[in-house]
Amino acid sequence: MNFDFSNKVVVVTGASRGIGAGIAKGFADHGAKVAITFNSSNDAAQSTLNSLKGSGHKSFKFDVSKPDQVESAMGRIHEEMGGLEVLINNAGITKDQLILRMKPEDWDQVLETNLRSVFACTKSAVKVMLKARQGSVINITSVIGQTGNGGQSNYAASKAGIIGFTKSIAQEVASRQIRLNCIAPGFIQSDMTDSLTEPQKKAILEKVPLGSMGEAQDVANACLFLASPFARYITGQTLNVNGGLYMS
Ligand code: NAP
């Protein structure tokens, strides 16, 4: 497959590092103008931006969990980048705790950052895409949203919510040729998984049939496919990028 995103503007949230940075790189490698967004990692965002191939890329700093910030930032992105053809909702956090110890603030923060952000960013992007009668939104969920995981009820709820949200909006906007899909990564190398202990990593890897952790590039490749014309007849789906950890 030969991906060509020249003259397309691709917005990747949470692209200062980790999977988001890998997705931004994947699209830049295939000709897109990429808007990377981040919240706090200024230096990482600058270095990701500097590493992107091609020209016309920009970074935008805002908190995806704050709807007012999202609305104004997405407006600025559209104006300054000169379009908005693809949105990748990737920004996400964990705040793990068993239910009896989980503070309401930890629940709220994860739901606001991982799920409400997807609603807010998608709403802004779809407004533009409806006028253009084209567009692709890819939401990064997680295998945890499919299987659940003790100690991650807030994270699992946010990621399962993304899947239901994606299917719903996919139905609302399909008639305008706007497609929404999810990618559900399994166990991917990043700061998020670096915080796991070695025994935790070993236990997870034993359950991965392909026998290794995934890389940001694996998720990026799935994004390129779903955002491309090769996936023109695919909407409302979840593509698992998990080495076989969960087969649905
Ligand atoms: P990561 O390395 O921790 O990076 C998270 C990214 O999200 C950073 O760029 C961060 O930006 C951004 N972010 C966090 N809170 C934000 C906020 N309030 N507003 C704006 N940006 C915010 O995580 P990752 O492992 O790459 O994960 C990326 C996505 O994949 C997440 O949605 C995660 O749930 C999902 N996922 C990851 C794995 C995995 O194994 N790694 C598996 C399944 C799903 P700043 O640093 O600038 O704040």
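The notes below deal with the structure included here.

### Here we look at the layout of surface pockets
Any empty space left between atoms is shown by rolling a water-sized probe over those atoms. Each pocket or cavity is described by its volume, and for the second largest pocket that value is around 380 Å³. Together, 19 residues line the second largest pocket, and Gly135, Gln177, Arg179, Ala227 and Arg232 are the ones closest to its centre. Elements supplying a minimum of two residues to the lining of the second largest pocket: strand E5 (135–140) and strand E6 (178–185). Residues belonging to the lining of the second largest pocket are distributed by class as follows: eight nonpolar, six polar and five charged.

### Quick look at unusual backbone geometry
The phi dihedral of Arg133 falls on the positive side, at around 55°, and the residue is not glycine. In this fold, Arg133 is placed in the loop between helix H4 (104–132) and E5. We note that Gln177 has phi near 65°; this positive angle belongs to a residue other than glycine. In this fold, Gln177 is placed in the loop between helix H6 (153–173) and E6. Given a relative accessible area of 55%, Gln177 falls into the exposed group.

### Thoughts on the pattern of salt bridges
Using the criterion set out here, one finds seven salt bridges in the structure. A salt bridge links Asp29 to Lys25, with the nearest nitrogen and oxygen atoms 3.2 Å apart. In this pair, Asp29 and Lys25 both sit in helix H1 (residues 18–29), four residues apart, roughly one turn of the helix. With relative accessibility at 31%, the residue Asp29 sits in the partly exposed group. The class for Lys25 is partly exposed, based on a relative accessible area of 38%. Put simply, Glu198 and Lys201 hold a salt bridge, and the shortest N to O gap is 3.8 Å. Pair noted here: Glu198 and Lys201 are both in helix H8 (residues 198–205), with a separation of three residues, about one helical turn. The exposed category is assigned to Glu198, whose relative accessible area is 56%.

### A word on the site of the ligand
Taken together, 31 residues lie around the ligand, and Ser16, Ser41, Asn90, Tyr155 and Ser190 are the ones closest in. Between Asn39 and the ligand, the recorded distance is 3.0 Å, taken from a backbone N or O atom to an oxygen atom. A distance of 2.8 Å separates an oxygen atom of the ligand from a polar atom in the side chain of Lys159. Bound to the protein, the ligand loses 95% of the 890 Å² it would expose on its own. Elements supplying a minimum of two residues to the shell around the ligand: H1, H6 and helix H7 (191–194).

### Digging into the packing of H4 against H6
The contact between H4 and H6 brings their axes to 9 Å, and the two run at 15°. Compared by their axis directions, H4 and H6 come out roughly parallel. Considering the relative orientation of H4 and H6, their crossing is right-handed. Contacts from Asp106, Trp107, Val110, Leu111, Asn114, Leu115, Val118, Phe119, Thr122, Val126 and Leu130 of H4 reach H6 at Ser153, Asn154, Tyr155, Ala157, Ser158, Lys159, Gly161, Ile162, Phe165, Ile169 and Val173. Here the residues of the contact of H4 with H6 are counted per class, giving 14 nonpolar, six polar and two charged.

### With respect to the packing of H1 against helix H9 (residues 216–227)
Between H1 and H9, whose axes approach to 8 Å, the crossing angle comes to 50°. With respect to each other, H1 and H9 are oriented oblique. Here H1 and H9 pass one another in a crossing that is right-handed. Within the contact between the two elements, H1 uses Gly18, Ile19, Gly22, Ile23, Gly26 and Phe27 and H9 uses Ala216, Val219, Ala220, Cys223, Leu224 and Ala227. Taken together, the residues of the contact of H1 with H9 break down into nine nonpolar, three polar and no charged.

### Details of the sheet that holds strand E7 (residues 238–241)
Spatial strand order, E3-E2-E1-E4-E5-E6-E7: seven strands in an open sheet with parallel pairing. Edge strands, defined here as strands with exactly one partner in the open sheet, are strand E3 (58–61) and E7. Ignoring which end each strand starts from, the neighbouring axes of this sheet average 20° apart. Each of strand E2 (33–38) and E3 touches helix H2 (residues 42–51); the most contacted strand, E2, lies at about 170° to it. Sheet strands touched by H6: E5, E6 and E7. Its angle to E6, the strand with the most contacts, is close to 160°.

Calculation notes
- Residues numbered from 1 in each chain as written.
- Predicted model: local features only at pLDDT ≥ 70, side-chain atom pairs only at ≥ 80, totals over all residues.
- Heavy atoms only, no water.
- 1 Å grid on protein atoms, 1.4 Å probe; cavity = no way out; pocket = protein on both sides within 12 Å on 5 of 7 lines; lining within 4 Å.
- Points joined across faces, edges and corners; volume = space filled by probe spheres on them.
- Helix = DSSP H or I, 4+ residues; strand = E, 2+ residues; numbered from the N terminus.
- Nonpolar A, V, L, I, M, F, W, Y, C, P; charged D, E, K, R; others polar.
- Buried < 20%, exposed > 50% of the residue type's maximum accessible area, 1.4 Å probe, protein only.
- Salt bridge = Lys/Arg side-chain N within 4 Å of Asp/Glu carboxyl O.
- Near = heavy atom within 4 Å.
- Polar contact = N/O pair within 3.5 Å; in protein donor to acceptor, adjacent residues only side chain to side chain.
- Areas by Shrake-Rupley, 256 points an atom, 1.4 Å probe, with all protein chains shown as cover.
- Axes fitted to C-alpha atoms, helices over the stretch in contact; angles between N-to-C directions.
- Parallel < 35°, antiparallel > 145°, perpendicular 65-115°, else oblique.
- Left-handed = near helix turned anticlockwise from the far one by under 90°.
- Contact = heavy atoms within 4.5 Å.
- Pairing = 2+ DSSP bridges.

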